[in-house]
Amino acid sequence: MKIAVASGKGGTGKSTVSVNLAYSLALREKVVLADCDVEEPNLHLFFDAEETEKEVKVPLPEFDMEKCTLCGDCARFCNYGALIVGKDKLLFLKEMCHSCGGCRILCPADAVSETEVSIGRILTSQPSENLTLITGILNIGEIKAPDVIKDVKKAAEKITGSQITILDSPPGTACSMVETVDSIDFSILVAESTPFGMHDIKLAAEVVKERNIPACIVINRSDGQDEVIEILSEEMNIPILMRIPFEKEIAEIQGNGEILSAHSEKYQKEFLALFDEIQKMAGGEA
Amino acid sequence: MKVAVTSKGENKDSVFEGRFGRTPYFLIFDTESDECKAVKNPYSQEASGVGPRAAQLLVDNSVNKVITGNVGGNAASALQMAGIEVVLDRNGGSAEEVYNKNKA
């Protein structure tokens, strides 16, 4: 089962929920925790384990100007505006290219070849016997976060023996988040009970609803009332399955880079109960 | 010489459009005859990459100079590579007025 932890707004507690859920589950079975927030991965801060590294490469076209006839077919084909063919030269805007390979396929002069460039890294580590952590990192200056996320998800699938993958999504509802929630089984939406929090979680909820992904809400920094999120939960028919209270002690544990569930058996049990409930909702086996 | 003017409509008296990549039309004037033809910009509603693609449209129409309100980074690189001169007009008016003011 693949569970994505998402939120519209940044800083609501996605990482807290991901780390604690994975930690608690790993006490009883094998789990893969995948950090898909590749522009600012942070789950590794909670664990201390040796990492193995793999590059993320994407194909890019290369142009042989000896062969190019400046016909412009490639530029008129490119949906992303990555190619412009002038009267005497060609301009390739690498950041705009989505690596579709179309220009290479259709070039009548056979002037386009393919080269690979590195845009990021995938780090894999084994913080405990049952827990595998996969972290995606997008190189600074690169913009193709979804390609790194795709590789994080592929790496997660290759880990054998684990039936559960928890994906920590980037904030927002842009390409990176949509890539993370693509073909998953369940989505945990982490919300904070403020008007901003409500507005942003609603956007995230709409993304997963559109894709028929069952979802639940976890409220972080709950004041015990959480009116705005309760109204939304009812409106959108997404149950609130857990509330993490706004407490200094929790903030301190988190702030020290430690895991709440490792400190408190109560939270261990709560996160396991959350998972059991999710499993029922998703209707699948673990 | 051919001069393109970004325009909200397809006639000379249409309102000048300030955006380059998202302009609904390019009015392409011939400076010798002052004749004008409208070319619809098929990318005006597209999600992304509109600037460079609009630039390619001007290349394909053998345009030498474009008059518009503003040009984005990628479009500017594309126009420069293609040797198309860019004139920015921030005052507006009708497409024809803007053309007459800046054609020289």
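On a predicted model such as this, the values are computed, not experimentally measured, just so you know.

Chemist: Teacher, can you tell me more about the UniProt feature "domain: Dinitrogenase iron-molybdenum cofactor biosynthesis" (unreviewed entry) in chain B here?
Modeler: The sites that carry the UniProt feature "domain: Dinitrogenase iron-molybdenum cofactor biosynthesis" (unreviewed entry) are, in the present numbering, residues 13-101 of chain B. Within residues 13-101 of chain B, the helical portion is 30% and the strand portion 21%, while the C-alpha atoms at the span's ends are 14 Å from each other.

Chemist: Would you mind going over the interface of chain A and chain B with me for this structure?
Modeler: Many authors give the size of an interface as the accessible area that is lost as the parts come together. The interface is formed by 17 residues belonging to chain A together with 13 residues belonging to chain B. Between the two partners, chain A and chain B, sit one salt bridge. One salt bridge connects Arg76(A) with Asp60(B), and the closest N-O pair in it is separated by 2.9 Å. At the boundary of chain A and chain B, one finds four residue pairs in polar contact (both at pLDDT 80 or more). Looking at the side of chain A that touches chain B, the element that brings in the most residues is strand 4 (residues 83-85) of chain A, giving three residues. Looking at the side of chain A that touches chain B residue by residue, the class counts come to 10 nonpolar, three polar and four charged.

Chemist: What exactly am I supposed to notice about the environment of Leu25(A) here?
Modeler: Residue and element names in this part refer to chain A. As for its placement among the helices and strands, Leu25 is situated in helix 1 (residues 14-26). Taking the C-alpha atoms as reference points, Leu25 and Ser169, separated by 144 residues in sequence, lie 19 Å from one another. Setting aside chain neighbours within four positions, we find Leu25 in contact with Val31, Ile164, Ile166, Leu272 and Phe275.

Chemist: What's the story with the packing of helix 6 (residues 195-210) of chain A against helix 7 (residues 227-236) of chain A in this structure? I'm lost.
Modeler: Helix packing for two helices is described by the angle between their axes and how far apart those axes are. Residue and element names in this part refer to chain A. Across the interface, helix 6 lies against helix 7 with an axial gap of 10 Å and an inter-helix angle of 20°. By the angle class used here, helix 6 and helix 7 are roughly parallel. As helix 6 runs across helix 7, the sense of the crossing is right-handed. Of helix 7, the residues touching helix 6 (which contributes Gly197, Met198, Ile201, Lys202, Ala205, Glu206 and Lys209) are Val228, Ile229, Leu232, Glu235 and Met236.

Chemist: Sorry if this is basic, but what is going on with helix 6 of chain A here?
Modeler: Since the α-helix advances by 3.6 residues per turn, residues separated by three or four positions end up pointing in the same direction. Residue and element names in this part refer to chain A. With 16 residues, helix 6 ought to run about 22 Å at 1.5 Å a step, and its terminal C-alpha atoms sit 23 Å apart, in line with that. Buried within helix 6 are the following residues: Gly197, Asp200, Ile201, Ala204, Ala205, Val207 and Val208. Mapping the buried residues of helix 6 onto a view down its axis gives an arc of 155°, with all of them on the same face. Those residues of helix 6 that are exposed and angled more than 90 degrees off the buried face are Pro195 and Glu210. Contacts from the buried residues of helix 6 go to helix 5 (175-180), strand 9 (186-192), strand 10 (215-222) and helix 7. Immediately downstream of helix 6, the backbone of Asn212 shows phi near 55°, a positive value.

Chemist: Looking at this model, I keep getting lost on empty space enclosed by the protein. Mind explaining?
Modeler: One water molecule sets the probe size; rolling that probe over the atoms shows where empty space is left. Residue and element names in this part refer to chain A. Using the criterion set out here, one finds three cavities of 30 Å³ or more in the structure. In this structure, the largest cavity spans a volume of roughly 140 Å³. Taken together, 18 residues make up the lining of the largest cavity; nearest its centre are Pro61, Cys97, Cys100, Gly101 and Cys103. Secondary structure elements with two or more residues in the lining of the largest cavity: strand 3 (51-63) and helix 3 (102-106). In this structure, the second largest cavity encloses a volume near 110 Å³. Along its surface, the second largest cavity is lined by 15 residues, and Cys68, Thr69, Cys71, Cys74 and Cys107 are the ones closest to its centre. For the lining of the second largest cavity, the per-class residue count stands at 12 nonpolar, two polar and one charged.

Chemist: Looking at this structure, how should I read the environment of Leu90(A)?
Modeler: One can find Leu90(A) in strand 5 (residues 90-92). When the C-alpha positions of Leu90(A) and Cys68(A) are compared, they lie 9.0 Å apart, and in sequence the two are 22 residues distant. Aside from chain neighbours lying at most four places away, what touches Leu90(A) is Phe63(A), Met65(A), Cys68(A), Leu70(A), Leu83(A), Ile84(A), Val85(A) and Met81(B).

Chemist: Looking at this structure, I do not really get the sheet that holds strand 1 (residues 2-7) of chain B. What am I missing?
Modeler: Adjacent strands of a sheet form backbone hydrogen bonds with each other and so pair up, either parallel or antiparallel. All names here are of chain B. An order of 3-2-1-4-5 is seen for the five strands of this open sheet, with the pairing classed as mixed. Single-partner strands in this sheet number two, and they are strand 3 (36-40) and strand 5 (85-88). Strand-to-strand twist in this sheet, taken as the mean axis angle between neighbours without regard to direction, amounts to 25°. Strand direction decides the pairing type here: strand 1 and strand 2 (residues 25-30), joined by six bridges, are antiparallel. The residue bridging Ser7 from the neighbouring strand is Tyr25, located in strand 2. Strands strand 1, strand 2, strand 3 and strand 4 (65-68) of the sheet are contacted by helix 1 (residues 50-60), whose axis makes an angle of about 30° with strand 2.

Procedures and definitions
Residues numbered from 1 in each chain as written. Chains lettered and ligands numbered in written order. Predicted model: local features only at pLDDT ≥ 70, side-chain atom pairs only at ≥ 80, totals over all residues. Heavy atoms only, no water. UniProt positions renumbered as here; feature names shortened; annotations may be inferred. Helix = DSSP H or I, 4+ residues; strand = E, 2+ residues; numbered from the N terminus. Contact = heavy atoms within 4.5 Å. Salt bridge = Lys/Arg side-chain N within 4 Å of Asp/Glu carboxyl O. Polar contact = N/O pair within 3.5 Å; in protein donor to acceptor, adjacent residues only side chain to side chain. Nonpolar A, V, L, I, M, F, W, Y, C, P; charged D, E, K, R; others polar. Axes fitted to C-alpha atoms, helices over the stretch in contact; angles between N-to-C directions. Parallel < 35°, antiparallel > 145°, perpendicular 65-115°, else oblique. Left-handed = near helix turned anticlockwise from the far one by under 90°. Expected span 1.5 Å × (residues − 1). Buried < 20%, exposed > 50% of the residue type's maximum accessible area, 1.4 Å probe, protein only. Arc of directions from axis to C-beta. 1 Å grid on protein atoms, 1.4 Å probe; cavity = no way out; pocket = protein on both sides within 12 Å on 5 of 7 lines; lining within 4 Å. Points joined across faces, edges and corners; volume = space filled by probe spheres on them. Pairing = 2+ DSSP bridges.

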